[in-house]
Amino acid sequence: MASAAFDIAPWLDVDPYGMAAAEKDAALTAVMRALTEHHRALSSEYGRILELTADENAPFETLADVPFLPVRLFKMFDLLSVPRDQIFKTMTSSGTSGQAVSRIYLDRETAALQGKVLARLMSHLLGPKRVPMLVIDSPSVLRDRNAFSARGAGILGFSLFGKDVTYALDEDMQLNLPAIEAFLERHAGQPIFLFGFTFMIWSHFYRALEAAGRSLPIDKGILLHGGGWKKLQDEAVDNDAFRAAMKRCAGISRVVNYYGMVEQTGSIFLECEEGHLHASVHADVLIRDPRTFRCMEIGETGLIEVLSLLPRSYPGHALLTEDVGRIEGVDTCPCGRLGTYFSVAGRVAKAEVRGCSDTYEARS
Amino acid sequence: MKPVPDLPVTLRVGGRLSDITRQPLPPYAPEATAFLAALSKQLLALPEARQFPDIAAFAYWCRPASLARLQREFGAAHARLGRGLALHIAPANVPVNFAFSFAFGVLAGNANIVRIPDAGHPQVDVICDRIAALFDDPAHRRIAAMNRLIRYPRSDSITATLSQLCQARLIWGGDETVSRLRALPVHPRCVDIAFADRYSFCVLDSQAVLGASDTVLAALVKGFYDDVFLLDQNACSSPHLVLWHGTGQAEAAQGRFWSAMTDYLEKNYDLAPVHAVDKFVHLCATAIALPQARATRRHDNFVYRVRLDSLPADIERHRGRNGFFYEHAVDDLSCLGEIVEERYQTLTTFGIDRATLVQSIIAQGLSGIDRVVPVGKALDIGVIWDGYDLIGELSRIVHTA
């Protein structure tokens, strides 16, 4: 892996949101081309897919030309671009019971790259120093090996950027007010880093405070949350309502949603002050038309493809997700960050099953 | 005869289960054909018949002229009577299939208890409402007394109770349902007509496709669409494999056919985004799992094609959905002997002499292929289905020497 295209250093030195799209597209495409060849040579499955589905005479000049895999493939096959004995860590997606989970194989190099890029993005958000951290979850998530998955991994991963890491919920997912109050007393007047999963924050933090008739003084808090909106959409809670609720219950005015997935850990997409998700220089987003897979224009809603320059040990540098969203703009967000900014509308809708099988079904 | 108990089911059409009349009629009894003809007339008069082609197809199938033809074809070689009570477990995901199953039972002369699908499909209620209205008409008193359409959640105890009372069961819904119902104790004289999981394919003659007029090609495309896309390629009789007869002209014929097919789909098929993702996942998985795949071609996301450089013996295990096809070109259809096994059900054809093909199936003693029909007829269910003569199976012979 000697290619200059693989050197991460130049991507860490620059402002993560300081590169205009045209410049970034060219630079990132060069890395994507090298990564595509790397995985083609080292993952027989990926090579076979390209052999059968990609036109070798097609142009490879922009990010839109990068061959992409459907993210679901990582639930069906073990896809690796390194020998198995070099696997350092296996990440799995958090699936509910019965669902297949993604298995993402990391060697030391890819794991290290993920950590470096995440650190770069977090220092952009929190500043260069570690900040007192309140995790809106239960410490039992880390102990229960059955529940330990993306949720536990996310908590552990982000905890690296906090200090005096304190859990806001007790073993039974109940609000631990004494612990929170002691934590806030220890760090009075300082910035606080809060982290949790969107639905957990809503149901176990906001709702619990509301029920107790309490509000917390965390005016200097920066709340980072992710994990998806599906359950909150069911309760008709959108991003604006979520932000307003955080302001109301804890005085938090800086609420940052992130979009990311275990298949591309590290190069996550962070929400800006304007409520837009931004691609850093390490990643990008394309929207593809479900009818054709052609790239769509700004403002058009379609399937989200995510690109990341991090995946080396598995062929996950360009992935078609099962989420729908749209690009809101490029280089023009009023927040000042350059590059692509976008929004996520949710999961692609399930379709009715038609056909002869499945008669004696449980529902009805 | 053991009485039929009242069970915890939803009675959708007809009176109490315990009141059902089980005295059979002969096949194609005037009461049965008059009832189905009336049902046909009522359904065809509904605006829904235009909205739902499957309702129209069922109504058209049971119109008087069609029933008269079926009766003639059934013949009178033996004196026959319905077997008694038939239990129908209809599939959940083919909306009008329950109506055909019910009609087969009625035509054969049976009393019928039909477990119908849940309320997810509007077609089910449209048809049930018409049947219920006819049951209220004294002219159809006898048929009304003999038939019940019911709903109940998956319950082995209800199905077991009914299975011990009936003389025939029509078990739709594939291997899993069949084996589950076979495990239940049944009446000793009960005949099971089990519709297992099947596999279907298509043979197109390259030269015939190339030589077809634009009108004929358009009809072929429409027919193929009906075979595949009306049920998202999930029906037992929808093709997964397309064999091109005539290697020399296969590529040109494929070009003509698939581009016309794609044009038609763009105008007529509402492709669900999740199905585009499903097909793409399946394409990648096929690339990994099927070494005989030589090339693939996407026509946007409407048609996915996997070209095979040889036919794997287990090609039946590779199936498409929502417009995903495996393709191979051959010069000699005797290759069917190398792949066909008992799962094979329907072979749709274009430009092929079907009588010769049927003779060759017989001569080779193939263990599969129950139907050889023109492209466009794959989903046309009828009294001969899945290799069964359903009216024959559902009635008994009263023999005299």
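Cut-off values and rules
One numbering rule holds for all chains: residues counted from 1, following each sequence as written. As they are written, the chains are lettered A onward and the ligands numbered 1 onward, keeping that order. Under the rules for a predicted model, residues below a pLDDT of 70 receive no local features and side-chain atom pairs below 80 are neither given nor counted, while totals for whole chains, interfaces and linings still include all residues. Processing note: side-chain calculations cover all non-hydrogen atoms of the structure and skip hydrogens and water entirely. Elements are defined by DSSP. Helices are runs of H or I of four residues or more, strands are runs of E of two residues or more, and each kind is numbered from the N terminus. Each radius of gyration is computed over the set of C-alpha atoms, and the globule rule expresses the reference value as 2.2 Å times the number of residues to the power 0.38. With a 1.4 Å probe rolled over the protein chains alone, any residue whose accessible area is under 20% of its type maximum counts as buried; one over 50% counts as exposed, and the rest are partly exposed. In short, Shrake-Rupley with a 1.4 Å probe defines the accessible areas, and a residue's cover is counted only from the protein chains shown. Residues counted as positive are Lys and Arg, residues counted as negative are Asp and Glu, and His and the chain ends are not counted. Just so you know, the charge point we use is NZ for Lys, CZ for Arg, CG for Asp and CD for Glu. Should any heavy atoms of two residues lie within 4.5 Å, those residues are considered in contact. A quick way to say it: buried area is the sum, across both parts, of accessible area lost when two parts are put together, with a 1.4 Å probe. We define a polar contact as two N or O atoms separated by no more than 3.5 Å, with the added condition that, inside protein, one atom must be a possible hydrogen donor and the other a possible acceptor, whereas residues neighbouring each other in sequence contribute only through side-chain atom pairs. Strands qualify as paired when DSSP identifies two bridges or more between them. A fitted line through C-alpha atoms serves as each axis, taken over the contacting stretch for helices, and the angle formed by two N-to-C directions is quoted from 0 to 180°. Both cavities and pockets are sets of points on a 1 Å grid over the protein atoms alone; in a cavity a 1.4 Å probe fits but cannot get out, in a pocket the set is open with protein on both sides within 12 Å along at least five of seven lines, and lining residues sit with an atom within 4 Å of a point. Grid points are joined across faces, edges and corners, and a volume is the space filled by probe spheres set on the points. When residue character is reported, Ala, Val, Leu, Ile, Met, Phe, Trp, Tyr, Cys and Pro are called nonpolar, Asp, Glu, Lys and Arg charged, and the others, Gly included, polar. To form a nonpolar core, buried Ala, Val, Leu, Ile, Met, Phe, Trp, Tyr and Cys residues must be joined to one another through side-chain atoms within 4.5 Å. Crossover handedness is defined here as right-handed if the route from the first strand over the helix to the second strand goes clockwise, with the strands pointing away from the viewer. Each crossing gets its hand from how the near helix is turned against the far one by less than a right angle, where anticlockwise is left-handed and clockwise is right-handed. In these notes the angle categories are as follows: under 35 degrees is roughly parallel, over 145 is roughly antiparallel, 65 to 115 is roughly perpendicular, and the rest is oblique. Under the pairing criterion, centres of Phe, Tyr and Trp rings, with the six-membered ring standing for Trp, must be within 6.5 Å; the plane angle then separates stacked pairs below 30 degrees from edge-to-face pairs above 60, leaving the rest tilted. Bear in mind that the domain bounds are from an automatic or database domain assignment. Whenever a carboxyl oxygen of Asp or Glu lies within 4 Å of a side-chain nitrogen of Lys or Arg, that contact is scored as a salt bridge.

(A) Broad picture of the overall build of chain B. Scanning chain B for helices and strands turns up 16 helices and 17 strands. A globule of 401 residues ought to have a C-alpha radius of gyration of about 21 Å, and chain B, at 22 Å, matches this closely. Along the first, second and third principal axes, the C-alpha atoms of chain B reach 65 × 50 × 40 Å. A burial count over chain B gives 57% of its 401 residues as buried. Summed over its atoms, the accessible surface of chain B is roughly 15700 Å², and 51% of this surface lies on carbon and sulfur atoms. Positive and negative charge centroids in chain B, built from 40 and 42 side chains respectively, lie 6 Å apart.

(B) Geometry of the interface of chain B and chain A. Contacts between chain B and chain A engage 56 residues on the former and 39 residues on the latter. Here chain B meets chain A over a buried area of about 4000 Å², counting both sides, of which 59% is carbon and sulfur. Looking at the side of chain B facing chain A, the largest losses of area belong to Asn93, Phe280 and Ile288 of chain B, adding up to 16% of the total buried there. The interface formed by chain B and chain A holds nine residue pairs in polar contact (both at pLDDT 80 or more) in total.

(C) Focus on the sheet that holds strand β1 (residues 10-13) of chain B. Residues and elements named next belong to chain B. Read from one edge to the other, the open sheet built from six strands follows the order β1-β5-β4-β3-β6-β7, with strand pairing classed as mixed. Two strands in the sheet have a free side with no partner beyond their single neighbour: β1 and β7 (191-194). Between one strand axis and the next, the sheet turns by 20° as a mean value, whatever way the strands run. Pairing geometry for strand β3 (residues 85-89) and strand β6 (residues 168-171), over four bridges, is parallel. By the bridge assignment for β6, His88 is matched with Leu170. Helix α6 (residues 122-135) contacts β1 and β5 (147-151) of the sheet and is inclined by roughly 75° relative to β1. On top of the sheet, helix α9 (residues 175-182) reaches β3, β6 and β7; it is set at about 150° to β6, its chief contact.

(D) Spotlight on the side chain of His276 of chain A. Residue and element names in this part refer to chain A. Along the chain, the position of His276 falls in the loop between β9 (269-271) and β10 (277-278). Using a relative accessible area of 18% as the deciding quantity, one classes His276 as buried. Sequence-distant contacts of His276, that is, excluding residues within four places in its chain, are made with Leu270, Glu271, Glu328, Cys333, Tyr341 and Phe342.

(E) Main features of empty space enclosed by the protein. Residue and element names in this part refer to chain A. Evaluation of the coordinates by the stated rule reveals two cavities of 30 Å³ or more. Roughly 60 Å³ of volume is contained in the largest cavity. In terms of lining residues, the largest cavity is bounded by Tyr17, His124, Leu125, Arg254, Leu270, Glu271, Cys272, His278 and Arg337. Class assignment of the residues belonging to the lining of the largest cavity gives a composition of four nonpolar, two polar and three charged.

(F) Main features of the nonpolar core. Counting 174 residues, the largest nonpolar core has Phe158 of chain A together with Phe201 of chain B as the members making the most contacts within it. For this core, the element with the most residues is helix α13 (residues 273-289) of chain B, which contributes nine residues. Ignoring anything within four residues of it in the chain, the contact list for Phe201 of chain B reads Pro239, His240, Leu241, Leu243, Leu336, Val340, Tyr344, Thr346, Leu347, Thr348 and Ile369 of chain B. Core analysis: the second largest hydrophobic core is formed by 79 residues, Leu7, Val96, Ala108 and Val191 of chain B among them.

(G) Looking closely at the pairing of strand β4 (residues 111-115) of chain B. Residue and element names in this part refer to chain B. Counting buried positions along β4 yields five of five residues, so the element is predominantly enclosed. Side chains Ala111, Ile113 and Arg115 of β4 all project onto a buried face; the interleaved residues Asn112 and Val114 project onto the opposite face, where all are buried too. Read as a crossover between parallel neighbours, the route from β3 over helix α5 (residues 97-108) to β4 is right-handed. As paired strands, β4 and β5 are joined by four bridges and run parallel to one another. If you follow Asn112 over to β5, its bridge partner there is Asn147.

(H) Spotlight on the pairing of β3 of chain B. Residue and element names in this part refer to chain B. Burial analysis of β3 places five of its five residues in the buried class, which makes it a mostly covered element. Of the two faces of β3, both are covered, the one formed by Leu85, Leu87 and Ile89 as well as the one formed by Ala86 and His88. Strand direction decides the pairing type here: β3 and β4, joined by five bridges, are parallel. Note that in β4 the partner of Ile89 across the bridge is Arg115.

(I) Summary view of the packing of helix α11 (residues 214-229) of chain B against helix α12 (residues 250-268) of chain B. Residue and element names in this part refer to chain B. At a closest axis distance of 10 Å, the pairing of α11 and α12 adopts a crossing angle of 65°. Here α11 and α12 pass one another in a crossing that is right-handed. In this structure, α11 uses Asp214, Leu217, Leu220, Val221, Lys222, Phe224, Tyr225 and Phe229 to contact α12, whose residues at the interface are Arg256, Phe257, Trp258, Ala260, Met261, Tyr264, Leu265 and Asn268. Taken together, the residues that form the contact of α11 with α12 break down as 12 nonpolar, one polar and three charged.

(J) Expanded view of the packing of helix α1 (residues 30-44) of chain B against α6 of chain B. Residues and elements named next belong to chain B. It is the contact of α1 with α6, at a shortest axis distance of 10 Å, that shows an interaxial angle of 130°. In terms of orientation, α1 lies oblique with respect to α6. Classified by chirality, the crossing of α6 by α1 is right-handed. Between α1 and α6, the residues in contact are Phe35, Ala38, Leu39, Gln42 and Leu43 and Val126, Ile127, Arg130, Ile131, Leu134 and Phe135, respectively. Its residues placed into classes, the contact of α1 with α6 shows nine nonpolar, one polar and one charged.

(K) Main features of the packing of aromatic side chains. Residue and element names in this part refer to chain A. Counted under the stated rule, the structure contains 38 aromatic pairs over all chains. For the ring pair Phe74 and Tyr314, a centre distance of 6.0 Å and an interplane angle of 85° mean the geometry is edge-to-face. Residue Phe74 is located in helix α4 (residues 73-76), and its partner Tyr314 is located in the loop between β12 (301-308) and β13 (318-330); the two are separated by 240 residues in the primary sequence. Judged by relative accessible area, Tyr314 falls into the buried class, the value being 0%.

(L) Summary view of the domain arrangement of chain A. Residues and elements named next belong to chain A. Split by domain assignment, chain A resolves into domain 1 (20-71 + 274-347) and domain 2 (107-259). Just the C-alpha atoms count here: the centres of domain 1 and domain 2 sit 28 Å apart. At the junction of the two partners, domain 1 supplies 17 residues and domain 2 supplies 16 residues. Summed over both partners, the interface of domain 1 with domain 2 buries about 1300 Å², with 61% contributed by carbon and sulfur atoms. Taken together, domain 1 and domain 2 are joined by one salt bridge. Taken together, domain 1 and domain 2 are joined by six residue pairs in polar contact (both at pLDDT 80 or more).

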